[in-house]
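Tertiary structure, described
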Amino acid sequence: MKVVVVGNGGVGKTSMIKRFCKGVFTDDYKKTIGVDFLEKQLYVPSIGQDVQLYLWDTAGQEEFDSITKTYYRGAGAAVLAFSTTDRASFDALPSWRSKVLEQCPGIAMALVQNKVDLIEQAVVSSEEAEAMARRLGLKFYRTCVKQDLNVTEVFTYLAELHDRKL
Ligand code: GDP
Ligand code: MG
């Protein structure tokens, strides 16, 4: 299953993909992985077998609003991510959701609030985030890619949801 990870620049998309696929985290900001996607085999209990996930990273085009159709083509699931510390990334969620649905109608999607470790710098409350998830009709996860909190859960959920939709 192809999975796309979308959201404003700097929210932690590349870090999330690296964390999940390679088990590593770095603090230095590098714009992209440098390849189109990374893959990871994940056992999904409710399906009772391994699912091969192909996680696609945007090449940092998100700032220019120019993610290509190729990026979305054939995707079965999408992570819609924002950062606790970035108000603009939160406000951009409805338009990210629309963009994804335009390219991939009926895709399995989840909302992710990343960087929940940065409590002091937080500018989006859990209540607001939960309200947004209800408004967008998406399951909501709070993650800390840095400490590997809830990351596997997001992808397990997406694999299950995708499987149910088939
Ligand atoms: P992208 O532009 O969405 O791909 O974001 P990156 O993955 O490049 O991450 C941007 C910055 O946020 C990097 O410096 C990461 O190390 C940092 N970052 C990512 N996730 C977390 C997290 O959960 N907590 C903290 N404190 N920093 C994070
Ligand atoms: Mg990136």
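Quick caveat: nothing in here was measured; it's all calculated off a predicted structure.

Considering the nonpolar core
Among the nonpolar cores identified, the biggest contains 55 residues, and Val-79 and Phe-155 are the most heavily contacted of them. The residues contacting Val-79, other than those within four sequence positions of it, are Val-3, Val-4, Val-5, Val-6, Met-16, Ala-110, Val-112, Val-154, Phe-155 and Leu-158.

Points about the pattern of salt bridges
For the coordinates displayed, the defined rule picks out two salt bridges. Notably, a salt bridge pairs Asp-91 with Arg-87, separated by 3.7 Å at the nearest N-O pair. Taken together, the positions of Asp-91 and Arg-87, both in helix α3 (residues 87–91) and four residues apart, correspond to about one turn of that helix. Taking the shortest distance from any N to any O, the salt bridge between Arg-87 and Glu-128 comes out at 2.8 Å. Note that Arg-87 is positioned in helix α3 and Glu-128 in helix α5 (residues 126–136), a separation of 41 residues in sequence. You can call Arg-87 partly exposed: its relative accessible area is 34%. Among the charged side chains, a salt-bridge network with shared partners connects Arg-87, Asp-91 and Glu-128.

Notes on the site of ligand 1
Among the 21 residues in the neighbourhood of ligand 1, the closest are listed as Gly-10, Lys-13, Thr-14, Ser-15 and Asp-117. Asn-114 is positioned with one of its side-chain polar atoms (N or O) 3.1 Å from a nitrogen atom of ligand 1. Contacts to ligand 1 include Lys-146, whose backbone N or O atom sits 3.3 Å from an oxygen atom. Burial of ligand 1 by the surrounding chains reaches 93%, relative to a free accessible area of 580 Å². It is helix α1 (residues 13–22) that provides the largest number of residues to the shell around ligand 1, a total of three residues. Of the residues assigned to the shell around ligand 1, the class counts are six nonpolar, eight polar and seven charged.

Points about the pairing of strand β1 (residues 2–6)
Of all five residues that make up β1, five are buried, and the element is covered over most of its length. On β1, burial covers both faces: Lys-2, Val-4 and Val-6 on one face and Val-3 and Val-5 on the other are all buried. When β1 meets strand β3 (residues 49–56), the two strands line up parallel, connected through three bridges. When the sheet's bridge partners are listed, Lys-2 is paired in β3 with Tyr-54.

Some words on α5
Taken together, the buried positions of α5 are occupied by Ala-129, Met-132, Ala-133 and Leu-136. Burial along α5 is one-sided: seen end-on, the buried residues are contained in an arc of 100 degrees. Looking at α5, the residues exposed on the side facing more than 90 degrees away from the buried face are Glu-127, Arg-134 and Arg-135. Residues of α5 that are buried in the fold lie against β4 (75–83), α3, α4 (93–103), β5 (108–114) and β6 (139–142). Two residues or fewer past α5, Gly-137 is found with a positive phi of approximately 70 degrees.

What counts as what
Residues numbered from 1 in each chain as written. Chains lettered and ligands numbered in written order. Predicted model: local features only at pLDDT ≥ 70, side-chain atom pairs only at ≥ 80, totals over all residues. Heavy atoms only, no water. Core = buried A, V, L, I, M, F, W, Y, C linked by side-chain atoms within 4.5 Å. Buried < 20%, exposed > 50% of the residue type's maximum accessible area, 1.4 Å probe, protein only. Contact = heavy atoms within 4.5 Å. Salt bridge = Lys/Arg side-chain N within 4 Å of Asp/Glu carboxyl O. Helix = DSSP H or I, 4+ residues; strand = E, 2+ residues; numbered from the N terminus. Near = heavy atom within 4 Å. Polar contact = N/O pair within 3.5 Å; in protein donor to acceptor, adjacent residues only side chain to side chain. Areas by Shrake-Rupley, 256 points an atom, 1.4 Å probe, with all protein chains shown as cover. Nonpolar A, V, L, I, M, F, W, Y, C, P; charged D, E, K, R; others polar. Pairing = 2+ DSSP bridges. Arc of directions from axis to C-beta.

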